[in-house]
There are 4 protein chains.
Amino acid sequence: MSHSYQPQENKRSDDKSIRARMLISCPDKAGIVAAVSQFLYEQGANIVQSDQYTMDPEGGMFFMRIEFDLQELEVRLPSLQEDFNRIADRFSMRWSIFRAARRKRIAIFVSKEDHCLLELLWQWQAGDLDAEISMVISNHDDMRSLVESFGIPYHHIPVTADTKAEAEQKQKELTAGKIDLIVLARYMQIVSPKFIEQYHNRIINIHHSFLPAFVGGKPYQQAYNRGVKLIGATAHYVTEELDGGPIIEQDVQRVSHSDNVNELKRMGRHIERIVLARAVKWHVEDRLLVYQNKTVAFV
Amino acid sequence: MSHSYQPQENKRSDDKSIRARMLISCPDKAGIVAAVSQFLYEQGANIVQSDQYTMDPEGGMFFMRIEFDLQELEVRLPSLQEDFNRIADRFSMRWSIFRAARRKRIAIFVSKEDHCLLELLWQWQAGDLDAEISMVISNHDDMRSLVESFGIPYHHIPVTADTKAEAEQKQKELTAGKIDLIVLARYMQIVSPKFIEQYHNRIINIHHSFLPAFVGGKPYQQAYNRGVKLIGATAHYVTEELDGGPIIEQDVQRVSHSDNVNELKRMGRHIERIVLARAVKWHVEDRLLVYQNKTVAFV
Amino acid sequence: MSHSYQPQENKRSDDKSIRARMLISCPDKAGIVAAVSQFLYEQGANIVQSDQYTMDPEGGMFFMRIEFDLQELEVRLPSLQEDFNRIADRFSMRWSIFRAARRKRIAIFVSKEDHCLLELLWQWQAGDLDAEISMVISNHDDMRSLVESFGIPYHHIPVTADTKAEAEQKQKELTAGKIDLIVLARYMQIVSPKFIEQYHNRIINIHHSFLPAFVGGKPYQQAYNRGVKLIGATAHYVTEELDGGPIIEQDVQRVSHSDNVNELKRMGRHIERIVLARAVKWHVEDRLLVYQNKTVAFV
Amino acid sequence: MSHSYQPQENKRSDDKSIRARMLISCPDKAGIVAAVSQFLYEQGANIVQSDQYTMDPEGGMFFMRIEFDLQELEVRLPSLQEDFNRIADRFSMRWSIFRAARRKRIAIFVSKEDHCLLELLWQWQAGDLDAEISMVISNHDDMRSLVESFGIPYHHIPVTADTKAEAEQKQKELTAGKIDLIVLARYMQIVSPKFIEQYHNRIINIHHSFLPAFVGGKPYQQAYNRGVKLIGATAHYVTEELDGGPIIEQDVQRVSHSDNVNELKRMGRHIERIVLARAVKWHVEDRLLVYQNKTVAFV
């Protein structure tokens, strides 16, 4: 039986059904902002928020995020997208438009540590994480009753050296076409390059150190051994390079000589869950663009 | 049915059954540290941690917290306390000794906001909050299934203008002699002076502003109206003066002009739960002394 | 003799001579961004940075800051401004354009505390504060040799109860038409309403507390008495209401029970200088708009 | 001519002439605190502050710092130290006693970046850095007038590949027996192992990254390339391993995708000077113990 939490309505009064978000990246050139904003104006859209960043005024890359409102958005979006192609072509844009009302579907992968999962579940039920948590997949069965009490399906897929390929096949079947984002919330198994490729820039991992310090296993032990005065956590998109993907968010916490490894782990859990939750929130709100090995975060 | 979380063992390897904590305050005078540490040495105790603070070297107040280990602590504590009286008298000390193994019993009071309660429950089940959460008392019934899923008794005591006295009487009956600490985790009812007196320096409240700014109701609205660039939260012992008791802990979060009142509330919830959880942790670990309207926090 | 510091070149490679910054505020309405960006495009300008904020999507205020590059800016600016009037009229805009190459001229007012002055001088000589420090005015003569060693004129204008009006008259004569911004860098004299009116939203003060807590005199003593766990500083525009003007920036620093008032002052000096320096930097880079009693800070 | 800054009196009212600080490290054992505090009491000393840390309650290392007041300290210290040997022997202590009135003598080494030097000079003249700045040594002549304006001797010792040994010989001659602490305030030359050995745990360096991330040259460029969301600085004792010595203090600053390398440098300067100044302050106040490759910092 569930303790019957349902995600509350997002508290902003805005009518989300008419809200869209547009992400653009292209080589910088005069007239981009004018062309895009003129286009949206002619379509009858009202720009609510606009952010941009030019990597280098002379010949660099240009990145833009626009939130706009458009009446009858769902009906009119296909033709708007069709029409936008002429502008996109003119400026060699990579671009996407997302309807705010179409919430991203998340699969959370966990192992035995529950703190990152719990934070995401809480923020979701509080209405702060505007997404669907469609399923939780774990190589252990420990958190089934917790997850199911939120009304979320729980899939236990054990992973051993022998069953690794088979397990990943099951993960693919569960997620294919049903999931927009995979969150590794302290999932302690390596994900294969093939799986990563399928979810390019759509898998977020939390690493329990201030990257690039302490790559790999036992980062708190490494931090303790080095005698650092701050510990950190890093949320990043997963690429083939271990702990090497584009960094989305990082934060740190002061520690002292008197904190042993267990204390560091305890204090670190807090940073991990905050940092991961921020990264997931930004992703589902279409605030992140990836360029080469970095993120542009309009937050 | 519960999702069967039980608090995990505290992860420090220390044997808590022999650990005691001593809190002392007295007028400053030469020889206090020597007398106390010599006493403990003669008793066969081993000092594990010691903190002290002198308000003013010349004639001010002296505060001390000592953690020590003593074999067969439970059996030997009464005579140790008896013997300590001669030192206490010599220096006019106010003092207490607490066994670490005797976990403090907490009653959490809540209304409709669940974030502070959830943080405490989560830290408790993770083994980070070394206390018993003996009961949750609420003027609403909303969180019953959540709380009961942790195996904790939930008491719904409605409060109206007419039933206020009666409600407080029920609260007293539930807690009297069974509770060491009351935590107001966004409990939106005023607690009477009589009740406060009974739990002198044993009621912790979370106020959702950086006190003394924005005393009273709707602090986020007040903060928004004033245009502050940081919002905060304050955990304090409850006294008769509204939001005026000794401050235990405070923290803040950066905000910007673009955050409306609902955003401030959302961001503030995070600070509130962190600040309250720290304050409760410090209290149950006997790290707080109150002197006049301030706390000495050995953290 | 001076120790001959000259402000270094600003290290960004951008050609500042063609850079302009535009600040706009008006009632929100569809088409503003399109109109402005189309206008700039037709003028041959290239938008380098653009920030906007809508107080409320339905009928609120709209604020915008645009940085753009335009060849032969100085020559072409008058006609661009002339032409822009038709757009400004259409949307009932309040607006200004600033050339980045035209550095704002600052008069710093000080009394006996030098830390805020020193921070501004250092940041200026390091090329981080892109402004002219045209003069320092003080009611004491203490910092003359320091200030003159930076090649900056120093004016000693004593202030007593009797000479207050006369002193302010001298200040006006020194600054009138020569100064764009007045910075009260721990200037311990009250500035008259008339003087404030003359420099409306162009006087920045640093208050040594986290406003609105601890308005008025001796804020560190007030903070100590209240037993706060964080101290702060606030930079704000000066209005007639004491410590009540629009807040530009705030920051805090953790303190403990063991910090006495002198320690708070010492630690606070560090926060004060950082907070004031940020506020001044944002002002001279045209990043601040004032609306009612708040600032919109595009930083 | 100097602008005649003299260090102000330390503002605490304490009589420093009778204040001593004791640092102790030894294997943990019951009775240490009792023995030391009883000893000091019998000598007539009054303990003002005491901090301790036990690495592991069962058989680990014990570290202690005690501040005490003793009348006629300077005269009585030799016999007190003589007497203390019997306690030190009993517990196999490494220990030192420092008179607070005997300020540590610092030589600051700089190259072309002045921000760390300036912060130290400013804190020194404000009375916040309780030490003598005995000399500044640089491989360039750029900061002579600045340093001499504070009344501090400036030694220009150029360093080239050919003259390295000779330069270090000059540095040794200038500092030998006259200097207690060497501060590398962005000194861009490698110091030889021999020189390091001579000043074992008495050379503090500031590295402009959050170590162990970005060891070696151009850390801000490295940070930019990796796309980190926080930049940091680290003060550490210098050992033979490049950027590998015991960490004293670290801090970080939030950055974004829009900050280029020059912006990171500019923002980083602020963190560097704060972190270095804290580390130097803690060293001269005898708050640091080094054990293996870590510091115990009683702050």
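This is a predicted model, so every value here is computed, not measured.

*Asks:* In this structure, what is going on with the overall build of chain A? I would like to understand it.
*Replies:* Along chain A, the regular secondary structure elements total eight helices and 13 strands. Taking 299 residues into account, the globule formula puts the C-alpha radius of gyration at 19 Å, and chain A, at 21 Å, falls close to it. Viewed in the frame of its principal axes, chain A has a C-alpha envelope of about 60 × 50 × 40 Å. In chain A, which comprises 299 residues, the proportion classed as buried is 61%. For chain A, restricting intrachain contacts to residue pairs at least 6 apart in sequence, the fraction spanning at least 24 positions comes to 67%. Summing over all exposed atoms, chain A offers an accessible surface of approximately 11,800 Å²; the carbon and sulfur share of this is 48%. Taken as two groups, the 37 positive and 40 negative side-chain charges of chain A have centres that lie 3 Å from each other.

*Asks:* What is the right way to look at the relation of the copies chain A and chain D in this model?
*Replies:* One chain copy maps onto the other through a rotation about an axis and a shift parallel to that axis. The transform that puts chain A on chain D rotates by 180° and translates by 0.0 Å along the axis, for an RMSD of 0.0 Å. Both copies of the chain, as the preceding transformation shows, are related through a two-fold rotation axis. Distance from the rotation axis, computed per C-alpha, reaches its smallest value in chain A at A213(A): 2.3 Å. In this assembly the copies share their binding face: 100% of the residues contributing to the interface of chain A also contribute to that of chain D.

*Asks:* What exactly am I supposed to notice about a nonpolar patch on the surface here?
*Replies:* All names here are of chain A. Together, I190, V215 and L242 make up a nonpolar patch on the protein surface, roughly 280 Å² of accessible area in all. Tracing the sequence through the fold places I190 in the loop between β8 (181–184) and α6 (193–198). Note on I190: relative accessible area 59%, which makes it exposed.

*Asks:* So what exactly am I meant to see when it comes to the interface of chain A and chain D here?
*Replies:* Accessible area lost upon the coming together of the parts is a frequently used measure of interface size. Contacts between chain A and chain D engage 33 residues on the former and 33 residues on the latter. Together chain A and chain D conceal approximately 2,800 Å² of surface at their shared face, both sides included; 55% is due to carbon and sulfur atoms. Per-residue buried area on chain A facing chain D is highest for R226(A), K229(A) and H257(A); these three make up 26% of the total on that side. Taken together, the connections running from chain A to chain D amount to four salt bridges.

*Asks:* Looking at this structure, how should I read helix α5 (residues 164–175) of chain C?
*Replies:* Helical geometry note: an α-helix holds 3.6 residues per turn, so side chains three or four residues apart project in the same direction. Residues and elements named next belong to chain C. Taking 1.5 Å as the rise per residue, α5 with twelve residues should run 16 Å; its terminal C-alpha atoms sit 17 Å apart, in good agreement. Here α5 has its buried residues at A167, E168, Q171, K172 and T175. When α5 is viewed along its axis, its buried side chains cluster within an angular range of 140° and face the same direction. Across from the buried face of α5, at angles greater than 90 degrees, the exposed residues are A165 and E173.

*Asks:* Help me out: how do you make sense of the pairing of strand β3 (residues 61–69) of chain B in this one?
*Replies:* Along a regular strand, successive side chains alternate from one face of the sheet to the other. Residue and element names in this part refer to chain B. Counting buried residues in β3 gives nine out of nine residues, a clear majority hidden from the surface. The alternating pattern of β3 places M61, F63, R65, E67 and D69 on one face and F62, M64, I66 and F68 on the opposite face, and all of these are buried. Bridge count between strand β2 (residues 46–54) and β3: eight bridges; the pairing is antiparallel. The residue of β3 that forms the bridge with S50 is I66.

*Asks:* Whenever I open this one, the relation of the copies chain B and chain C confuses me. Can you help?
*Replies:* When chain B is fitted to chain C, the best match, at an RMSD of 0.0 Å, comes from turning it 180° and sliding it 0.0 Å along the axis. Most of the interface of chain B is mirrored in chain C, where 100% of its interface residues are also at the interface.

*Asks:* Help me understand the sheet that holds strand β8 (residues 181–184) of chain C, please; the structure alone is not making it clear to me.
*Replies:* All names here are of chain C. Strand order in the open sheet made by the seven strands is β7-β6-β5-β8-β9-β10-β11, with mixed pairing throughout. Looking at which strands have only one partner, the edges of the open sheet turn out to be β7 (154–156) and β11 (247–254). Each strand of the sheet is rotated relative to its neighbour by a mean of 20°, with strand direction disregarded. Two strands pair when backbone bridges link them, and strand β5 (residues 104–110) and strand β6 (residues 131–138) are joined in this way by seven bridges, in the parallel orientation. Bridge assignment links K104 to a residue of β6, and that residue is A131. Set on the sheet, helix α3 (residues 115–125) makes contact with β5, β6, β8 and β9 (203–207); between it and β6 the angle comes to about 155°.

*Asks:* Sorry if this is basic, but what is going on with the packing of aromatic side chains here?
*Replies:* By convention here, two paired aromatic rings are described through the distance between centres and the angle between planes. As enumerated under the stated definition, the model contains 32 aromatic pairs over all chains in all. Look at F109(A) and F195(A): their rings are 6.3 Å apart centre to centre, the planes differ by 55°, and that puts the pair in the tilted class. Pair noted here: F109(A) is in strand β5 (residues 104–110) and F195(A) is in helix α6, with a separation of 86 residues, a long-range link. Take F109(A) and F195(A): they sit in the same class, and that class is buried. With a centroid separation of 4.9 Å and an interplanar angle of 65°, the aromatic rings of F84(B) and W95(B) are classed as edge-to-face. Remark: W95(B) occurs in strand β4 (residues 94–99) and F84(B) occurs in helix α2 (residues 73–90); sequence separation between them is eleven residues. A network of ring pairs unites the aromatic residues F109(A), Y187(A), F195(A) and Y199(A) as a single cluster. The ring centre of W122(B) lies 4.2 Å from the NZ or CZ of R273(A), which sits over that ring. A cation over a ring is seen here: K294(A) above Y224(D), with NZ or CZ 3.2 Å from the ring centre.

*Asks:* Got a minute to help me understand the sheet that holds strand β10 (residues 230–237) of chain D in this structure?
*Replies:* The pairing of strands in a sheet happens through backbone hydrogen bonds and is either parallel or antiparallel. Residues and elements named next belong to chain D. Pairing is mixed across the open sheet formed by seven strands, whose spatial order is β7-β6-β5-β8-β9-β10-β11. Each having just a single partner strand, β7 (154–156) and β11 (247–254) make up the two edges of the open sheet. Averaged over all pairs of adjacent strands, the angle between their axes in this sheet comes to 20°, without regard to strand direction.

*Asks:* Would you mind showing me how to read the pattern of salt bridges here?
*Replies:* Pairing is possible between side chains that carry opposite charge, provided their charged atoms lie close to one another. The tally for this structure, following the rule as stated, stands at 108 salt bridges over all chains. Each of the salt bridges in this network shares a partner with another, and the network as a whole consists of R19(A), R65(A), E67(A), D69(A), K281(A), E285(A) and R287(A).

*Asks:* Looking at this structure, I do not really get the packing of helix α1 (residues 32–42) of chain A against helix α2 (residues 73–91) of chain A. What am I missing?
*Replies:* Residues and elements named next belong to chain A. As a packed pair, α1 and α2 sit with axes 11 Å apart at the nearest point and diverge in direction by 170°. Comparing the axis directions of α1 and α2 gives the class roughly antiparallel. Counting all contacts with α1, which are made through I32, A35, V36 and F39, the residues of α2 involved are L80, D83, F84, R86, I87, R90 and F91. Among the residues making up the contact of α1 with α2, the classes are represented as eight nonpolar, no polar and three charged.

*Asks:* Mind showing me how you'd approach the UniProt feature "active site" (unreviewed entry) in chain A here?
*Replies:* Sequence positions flagged by UniProt for "active site" (unreviewed entry) are, in local numbering, D243(A). One can find D243(A) in the loop between β10 (230–237) and β11 (247–254). With near-sequence residues (within four places) excluded, D243(A) lies in contact with N205(A), H207(A), L211(A), V215(A), G216(A), H236(A) and R226(D).

*Asks:* Can you walk me through the packing of helix α8 (residues 261–284) of chain A against helix α8 (residues 261–284) of chain B in this structure?
*Replies:* Two packed helices can be described by the angle between their axes and the distance between those axes. Two numbers describe how α8(A) lies on α8(B): the axes approach to 14 Å, and their chain directions differ by 175°. Between α8(A) and α8(B), the interaxial angle falls into the category roughly antiparallel. In this structure, α8(A) contributes R266(A), H270(A), R273(A), I274(A) and K281(A) to the contact, and α8(B) contributes R266(B), H270(B), R273(B), I274(B) and K281(B).

Rules used throughout
- Chains are numbered independently. Their residues run from 1 in the order of the written sequence.
- Both sets of labels track the order of writing: A upward for chains, 1 upward for ligands.
- Totals for whole chains, interfaces and linings use all residues, but because this is a predicted model, local features are given only for residues with pLDDT of at least 70 and pairs of side-chain atoms are given and counted only at 80 or more.
- Calculation of side-chain values draws on the structure's entire complement of heavy atoms; hydrogens and water are dropped beforehand.
- Helix and strand labels come from DSSP, where a helix needs a run of H or I of at least four residues and a strand needs a run of E of at least two; each type is numbered from the N terminus.
- C-alpha atoms define the radius of gyration in this analysis, and the globule rule sets the expected value at 2.2 Å times the number of residues to the power 0.38.
- Partly exposed residues are those whose accessible area sits between 20% and 50% of the maximum for their type, while under 20% is buried and over 50% is exposed, using a 1.4 Å probe and protein chains only.
- By definition in these notes, contact holds between two residues if any of their heavy atoms fall within 4.5 Å.
- Note on areas: Shrake-Rupley, 1.4 Å probe, and residue coverage restricted to the protein chains presented here.
- The charge count includes Lys and Arg as positive and Asp and Glu as negative, but it does not include His or the ends of the chains.
- Every charge is mapped onto a representative atom, which is NZ of Lys, CZ of Arg, CG of Asp or CD of Glu.
- The copies were overlaid with a least-squares fit restricted to C-alpha atoms from residues scoring a pLDDT of at least 70 in each copy.
- The patches described consist of residues with a relative accessible area above 30% and no salt bridge, like charges being joined within 9 Å and nonpolar side chains (Val, Leu, Ile, Met, Phe, Trp, Tyr) within 5 Å.
- Basic side-chain nitrogens of Lys or Arg form a salt bridge, by our definition, when they fall within 4 Å of a carboxyl oxygen of Asp or Glu.
- Two parts placed together each lose some accessible area under a 1.4 Å probe, and adding up what both lose gives the buried area.
- Under the convention used throughout, the expected extent of a helix is 1.5 Å for every residue step, that is, one less than its residue count.
- Here, the arc refers to the directions that run from the helix axis to the C-beta atoms.
- Here, any two strands with at least 2 DSSP bridges between them count as paired.
- Lines are fitted to the C-alpha atoms to define the axes, a helix being fitted only along its stretch in contact, and any angle between axes, read from their N-to-C directions, falls within 0 to 180 degrees.
- In summary, the pairing rule links any two rings of Phe, Tyr or Trp, Trp by its six-membered ring, whose centres are within 6.5 Å, and it sorts them by plane angle into stacked for under 30 degrees, edge-to-face for over 60 and tilted for everything else.
- To sit over a ring, a charge needs its Lys NZ or Arg CZ within 6 Å of the ring centre and within 35 degrees of the ring normal.
- The labels follow the angle: roughly parallel below 35 degrees, roughly antiparallel above 145, roughly perpendicular from 65 to 115, and oblique for the rest.
- Think of it as three bins: nonpolar holds Ala, Val, Leu, Ile, Met, Phe, Trp, Tyr, Cys and Pro, charged holds Asp, Glu, Lys and Arg, and polar takes everything else, Gly as well.
- UniProt positions are given in the numbering used here, feature names are shortened, and annotations may be inferred rather than shown by experiment.

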